[in-house]
Amino acid sequence: MHLFDRVSGLNILLDEVKVPAEQVSRAPRYLSVALTNTCELRCAYCYAPKHAAVLDTGRVVAWAAELDGAGCLGIGFGGGEPTAHPRFAQLCAQIAAATSMAVTFTTHGHRLTPQLADILRGAVHFSRLSVDGVGATYERLRRRPFAAVLAAAALLRSVAPFGVNVVVNADTIGELDQLAEFAADAGASELLLLPEQPTAATSGISDRDAERLVRWVQTARPQVRLAISRSGLEGSVPAVETIPGEQPLDAHMHVDATGVLRPHAYASVGTPIEDFIMDAVQALREAA
Ligand code: SF4
């Protein structure tokens, strides 16, 4: 049995309680949704498709209600840049009000304003700020001033607890200490390490940098909690298994900006969502 409080983020697992099979959640524990492919930044390692696509607000709200009823605990918006979706704030507010799920999002932070933060307060339970490198490295990769990220971190902190994401590659591997320090100083509760994945434009993290990352995780003593994405490296670092024995499709699924349900954001195959998202969830499970 899994109890979850979306405000504090507290999870309680009771493995002494035997849950009848018909009561086991049919939904994934967490759904990520690419609201739009739009993003004004041009990061070389970006995996988001570049063709124009944006999800309809009504569809996303209906999926959220369905998933909530089927036991999903959280919905996380990304993209592209989710704050570029024309009804991003209203969507978060509607889902937070209509479901018991945690509402989260990942952002580059450059569209945040005090007005947007005001609307999101109470409608979002956790956010993630993408910070690839510090200072000049960040500015070279993202072509935006690093000072703007500091301002974005302060705004996110005023909304809800937040974490810092970093794509780990040849440019950022040498700055993990500074990134952990940045995250702690900014008041983040977590530093999420995202080893760069291969895309059409990049080859992904090198073996040498992957080894450096593993060594850093084993020896670093950061002031924030560390997390690592499912990237093949999680088995090489001392990571806690969130739910022992949990299958990947029970943990997470992803909807892209065209409304196709996929096992994860990098998956090349998926199931178009027709009338009900739970039909697509079932189809994805059967195809696995
Ligand atoms: S900020 Fe994110 S979505 Fe935008 S280009 Fe960079 S990696 Fe892609």
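Remember, predicted model here, so these are calculated numbers, not experimental data.

**Notes on the layout of surface pockets**
Link 1 in the chain: Looking at the second largest pocket, its volume works out to about 800 Å³.
Link 2 in the chain: What lines the second largest pocket is a set of 22 residues, and nearest its centre among them are Met-1, His-2, Val-24, Ser-25 and Ile-243.
Link 3 in the chain: Residue composition of the lining of the second largest pocket, grouped by class: twelve nonpolar, six polar and four charged.

**Observations concerning the pairing of strand E9 (residues 225-228)**
Link 1 in the chain: Looking at chain direction, strand E8 (residues 190-195) and E9 are connected through four bridges and run parallel. Pairing of Leu-193 across the sheet is with Ile-228, part of E9.

**So, the UniProt feature "domain: Radical SAM core" (unreviewed entry) in the chain**
Link 1 in the chain: Feature annotation in UniProt assigns "domain: Radical SAM core" (unreviewed entry) to the following positions: residues 25-229.
Link 2 in the chain: With 38% helix and 19% strand, residues 25-229 has end C-alpha atoms that lie 23 Å from one another.

**What to know about the sheet that holds strand E6 (residues 126-130)**
Link 1 in the chain: Spatial ordering of the open sheet is given by E9-E8-E7-E6-E5-E4-E3-E10-E11-E12, a layout of ten strands whose pairing is mixed. Both edges of this open sheet fall to E9 and strand E12 (271-272), since each of them pairs with a single strand only.
Link 2 in the chain: With four bridges joining them, strand E3 (residues 30-34) and strand E10 (residues 252-255) adopt parallel strand pairing. When the bridges of E10 are listed, Tyr-30 appears paired with His-252.
Link 3 in the chain: Sitting on the sheet, helix H6 (residues 176-186) touches strand E7 (162-168) and E8, and the angle it makes with E7 is about 165°.

**Some remarks on the pattern of salt bridges**
Link 1 in the chain: The final tally for this structure, using the stated rule, is ten salt bridges.
Link 2 in the chain: A salt bridge links Glu-190 to Arg-128; the shortest N-O distance between them is 2.8 Å. Taken together, the positions of Glu-190 in strand E8 and Arg-128 in strand E6 put the pair 62 residues apart, joining distant regions of the chain.
Link 3 in the chain: Residue Arg-142 pairs with Asp-132 through a salt bridge whose shortest N-O separation is 2.7 Å. On the criterion of sequence distance, the pair formed by Arg-142 in helix H4 (residues 135-142) and Asp-132 in the loop between E6 and H4 is long-range, its members being ten residues apart.
Link 4 in the chain: For Arg-142, a relative accessible area of 9% gives the class buried.
Link 5 in the chain: For Asp-132, a relative accessible area of 1% puts it in the buried group.

**Observations regarding the packing of aromatic side chains**
A ring pair, where both rings are aromatic, is described by two values, the distance of the centres and the angle of the planes.
Link 1 in the chain: If you walk through the whole model with that rule in mind, you get four aromatic pairs.
Link 2 in the chain: With a centroid separation of 4.6 Å and an interplanar angle of 50°, the aromatic rings of Tyr-47 and Tyr-266 are classed as tilted. A residue pair is termed long-range when its members are at least 10 positions apart, and Tyr-47 in the loop between E3 and helix H1 (57-69) and Tyr-266 in the loop between strand E11 (260-262) and E12 qualify at 219 residues.
Link 3 in the chain: A relative accessible area of 42% means that Tyr-266 is categorised as partly exposed.
Link 4 in the chain: Taken together, a centroid distance of 5.1 Å and an interplanar angle of 65° make the contact between Phe-88 and Phe-105 edge-to-face.

What counts, and where the lines are drawn
Residues numbered from 1 in each chain as written. Predicted model: local features only at pLDDT ≥ 70, side-chain atom pairs only at ≥ 80, totals over all residues. Heavy atoms only, no water. 1 Å grid on protein atoms, 1.4 Å probe; cavity = no way out; pocket = protein on both sides within 12 Å on 5 of 7 lines; lining within 4 Å. Points joined across faces, edges and corners; volume = space filled by probe spheres on them. Nonpolar A, V, L, I, M, F, W, Y, C, P; charged D, E, K, R; others polar. Pairing = 2+ DSSP bridges. Helix = DSSP H or I, 4+ residues; strand = E, 2+ residues; numbered from the N terminus. UniProt positions renumbered as here; feature names shortened; annotations may be inferred. Contact = heavy atoms within 4.5 Å. Axes fitted to C-alpha atoms, helices over the stretch in contact; angles between N-to-C directions. Salt bridge = Lys/Arg side-chain N within 4 Å of Asp/Glu carboxyl O. Buried < 20%, exposed > 50% of the residue type's maximum accessible area, 1.4 Å probe, protein only. Phe/Tyr/Trp six-rings, centres within 6.5 Å; stacked < 30°, edge-to-face > 60°.

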